[in-house]
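Working through the structure, step by step
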Amino acid sequence: MDLLPKSPKEFGSIDYWEKFFQQRGKKAFEWYGTYLELCGLLHKYIKPREKVLVIGCGNSELSEQLYDVGYQDIVNIDISEVVIKQMKERNASRRPQMSFLKMDMTQMEFPDASFQVVLDKGTLDAVLTDEEEKTLQQVDRMLAEVGRVLQGRETEWLFGMEEGRKQLAASAGFRRLITVALHRGQQYEGMDSIQAELSARVMELAPAGMPAQQQVPFLSVGGDIGVRTVQHQDCSPLSGDYVIEDVQGDDRRYFRRLIFLSNRNVVQSEARLLKDVSHRAQKKRKKDRKKQRPADTPEDPPAAPGQAIDKSYLCCEHHKAMIAGLALLRNPELLLETPLGLLVVGLGGGSLPLFVHDHFPKSCIDAVEIDPSMLQVATQWFGFSQSNRMKVHIADGLDYISSLAEEEARPHYDVIMFDVDSKDPTLGMSCPPPAFVAQPFLQKVKSILTPEGVFILNLVCRDLGLKDSVLAGLKAVFPLLYVRRIEGEVNEILFCQPHPERKLATPELLEMAQALEQTLRKPGKGWDDTYVLSDMLKTVKIV
């Protein structure tokens, strides 16, 4: 029986596939390879717990065999009603958790970011039968839908929008880029092992005329390379799946990180682990093994939860800059003895409010966090604790501030800090959510700030037009606006004050930062010697 079409164009016809599966019957037809031929590659890149979408499934046994070895969260779609009916009947009793749906892959009915994996074994070839404009448009629709339903960096503004990709290319210094996502289950010793695996595939996509021995540079966005030790994983009703992991830094010290798997390439919170804790654990393991460890072997990762945290160390550069902004309060030498009211919106691991609490003994801090799971994470894994001077309020920051602003005897804070992320990766601004910088809301922020106070905002915005709009809105409410760009990152720290006459020239600002640091460097108080407050403010500019 000849099942092949008379012309390649028929591969794109629904009628052809209906007749194909009617004539083929229940016998499986494998395009390009069987499960046994492909399983090594599939098992390397697909994890059993991931949700998989197979597009153009046909009557291949691939999904069935993946299901049988533990990949049970699989959805299959095909445009042929005949084959979907066949596959439902074939799998109803033996594989009850696997679904088969009649659906056009160029108009899928799934919500955005529904799957971790989209698997295609020949369907793109069936669509791309020629290079006519109509055919290429169909391919674009297919790939756009695949990108839409995938959970990954493909939907982020930096990769998913033309303006974002232009910025990425410009920052890399190249006109032609290939982006590859390293998923969390993949671990490599370093860039060399990644390059060894990908080089041959990269050269297959090289433009015509490029020398075969051309060296193609590999660049990394983020810190996904290297071994991580997952200490805890759970799911928050608000933030989704998250993990707590320990990673080793360049100085062989260990750091604890909070990662939201919905935005798995961003470190949500980070803290350094105390060295002596890991040393004690290492010493015990040495005795147990009764053999000497080679000198260049890294120290063992510690496993203790919250008590292992170095609370005097700020890992995030933007947190260091936010703390340095307290120099704008004037009279820094008196701050340790001055009652100081702070409002911090966005708790995360709690390192920012905890640092203020421990270093400013007269401070009183209200921290606002929308997700109750994060308070539990901060307490159990990042050494955070509340006290009579520091309270956490589980609330939406927008609602909490709006409520305060409506009170007759409203409180007035000396410092208000926003360090809150957006859950929408498709926006060109990932911190804060747009509602937090809307002018009516900023007026409410201003109403609960003392006249001499400072509003400090962590801004992460790649969309230049949107950033200009945000700065203009802030300037309209807070006439005095300083901006400090964080080197090597997208973060910009904004220091906002209501009265322009309080403007400080750079030398005066640096002098106040130095005075504040001298005040904080008290005997018996932990202080990171690499943290120089004045360095955080050297590049500050007034908008």
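Residues numbered from 1 in each chain as written. Predicted model: local features only at pLDDT ≥ 70, side-chain atom pairs only at ≥ 80, totals over all residues. Heavy atoms only, no water.

**What to know about the overall build of the chain**
Each helix and strand counted, the chain has 18 helices and 17 strands in total. Of all 543 residues assigned to the chain, the portion counted as buried reaches 47%. Sequence-distant contacts in the chain: of pairs separated by 6 or more residues, those separated by 24 or more amount to 65%. Surface exposure of the chain reaches about 27900 Å², of which carbon and sulfur atoms provide 52%. (Helix = DSSP H or I, 4+ residues; strand = E, 2+ residues; numbered from the N terminus. Buried < 20%, exposed > 50% of the residue type's maximum accessible area, 1.4 Å probe, protein only. Contact = heavy atoms within 4.5 Å. Areas by Shrake-Rupley, 256 points an atom, 1.4 Å probe, with all protein chains shown as cover.)

**A look at empty space enclosed by the protein**
For the structure on display, the rule yields two cavities of 30 Å³ or more. Each pocket or cavity is described by its volume, and for the largest cavity that value is around 100 Å³. Taken together, 13 residues line the largest cavity, and the ones lying closest to its centre are E270, A271, I309, S351 and F382. Mapped onto the lining of the largest cavity, the elements with two or more residues apiece are strand 8 (269-272) and helix 12 (351-359). Looking at the lining of the largest cavity residue by residue, the classes come out as six nonpolar, four polar and three charged. (1 Å grid on protein atoms, 1.4 Å probe; cavity = no way out; pocket = protein on both sides within 12 Å on 5 of 7 lines; lining within 4 Å. Points joined across faces, edges and corners; volume = space filled by probe spheres on them. Nonpolar A, V, L, I, M, F, W, Y, C, P; charged D, E, K, R; others polar.)

**Quick look at the sheet that holds strand 7 (residues 254-260)**
The antiparallel open sheet is built from four strands, whose spatial order is 5-6-7-8. Every interior strand has two partners, whereas the edge strands, strand 5 (228-236) and strand 8, have only one. When the angles between neighbouring strand axes are averaged without regard to direction, this sheet yields 15°. Relative to strand 6 (residues 240-248), strand 5 runs antiparallel, the two sharing eight bridges. Residue Q233 lies in a different strand from strand 6, and its bridge partner there is V243. (Pairing = 2+ DSSP bridges. Axes fitted to C-alpha atoms, helices over the stretch in contact; angles between N-to-C directions.)

**With respect to the packing of aromatic side chains**
Considering all chains together, one arrives at 11 aromatic pairs under this definition. Each ring, one from F20 and one from F21, has its centre 5.0 Å from the other, and the planes form 85°; the classification is edge-to-face. Judged by relative accessible area, F20 falls into the buried class, the value being 2%. Here F21 falls in the buried class, since its relative accessible area comes to 3%. Here the aromatic cluster, defined as three or more aromatic residues joined through ring pairs, consists of F418, F436, F441, F455 and F478. One Lys or Arg, K51, reaches over the ring of F115 and ends 5.4 Å from the middle of that ring. Sitting above the plane of the Y313 ring, R272 keeps its charged end 3.8 Å from the centroid. (Phe/Tyr/Trp six-rings, centres within 6.5 Å; stacked < 30°, edge-to-face > 60°. Lys NZ or Arg CZ within 6 Å of the ring centre and 35° of its normal.)

**Here's the deal with the sheet that holds strand 1 (residues 52-55)**
Pairing is parallel across the open sheet formed by four strands, whose spatial order is 3-2-1-4. Two strands close off the open sheet at either side, each with one partner strand: strand 3 (99-102) and strand 4 (117-120). Neighbour to neighbour, the strand axes of the sheet diverge by 25° on average, direction disregarded. Note that strand 1 and strand 4 share four bridges and pair parallel. Bridge assignment links L53 to a residue of strand 4, and that residue is V118. Sitting on the sheet, helix 4 (residues 81-91) is in contact with strand 2 (74-78) and strand 3, with an inclination near 165° to strand 3.

**Structural notes on a nonpolar patch on the surface**
Together, F174, L177 and L219 make up an exposed nonpolar region whose accessible area comes to about 270 Å². Residue position: L219 is located in the loop between helix 9 (191-204) and strand 5. Exposure remark for L219: the relative accessible area of 55% places this residue in the exposed category. (Patch = residues over 30% accessible without salt bridge, like charges linked within 9 Å, V, L, I, M, F, W, Y side chains within 5 Å. Salt bridge = Lys/Arg side-chain N within 4 Å of Asp/Glu carboxyl O.)

**A few points about unusual backbone geometry**
In this model, C431 is joined to P432 through a cis peptide bond whose omega is -5°. Even without being a glycine, A113 presents a positive backbone phi close to 55°. Examined against the element boundaries, A113 turns out to sit in the loop between strand 3 and strand 4. The exposure class assigned to A113 is partly exposed, which follows from its relative accessible area of 33%.

**Some remarks on the environment of S422**
Assignment of secondary structure puts S422 in the loop between strand 12 (413-418) and strand 13 (429-431). Residue classification places S422 among the buried residues on the basis of a relative accessible area of 9%. For the pair formed by S422 and P434, sequence separation is 12 residues and the distance between their alpha carbons is 8.1 Å. For S422, the contacting residues outside a window of four places in its chain are L427, M429, S430 and P433.

**With respect to the packing of helix 11 (residues 317-324) against helix 12**
The contact between helix 11 and helix 12 brings their axes to 10 Å, and the two run at 40°. When the axis of helix 11 is compared with that of helix 12, the two are oblique. Between helix 11 and helix 12 the crossing geometry is right-handed. In contact with H319, M322 and I323 of helix 11, helix 12 contributes S351, L352, F355 and V356. Across the contact of helix 11 with helix 12, the residue classes break down as five nonpolar, two polar and no charged. (Parallel < 35°, antiparallel > 145°, perpendicular 65-115°, else oblique. Left-handed = near helix turned anticlockwise from the far one by under 90°.)

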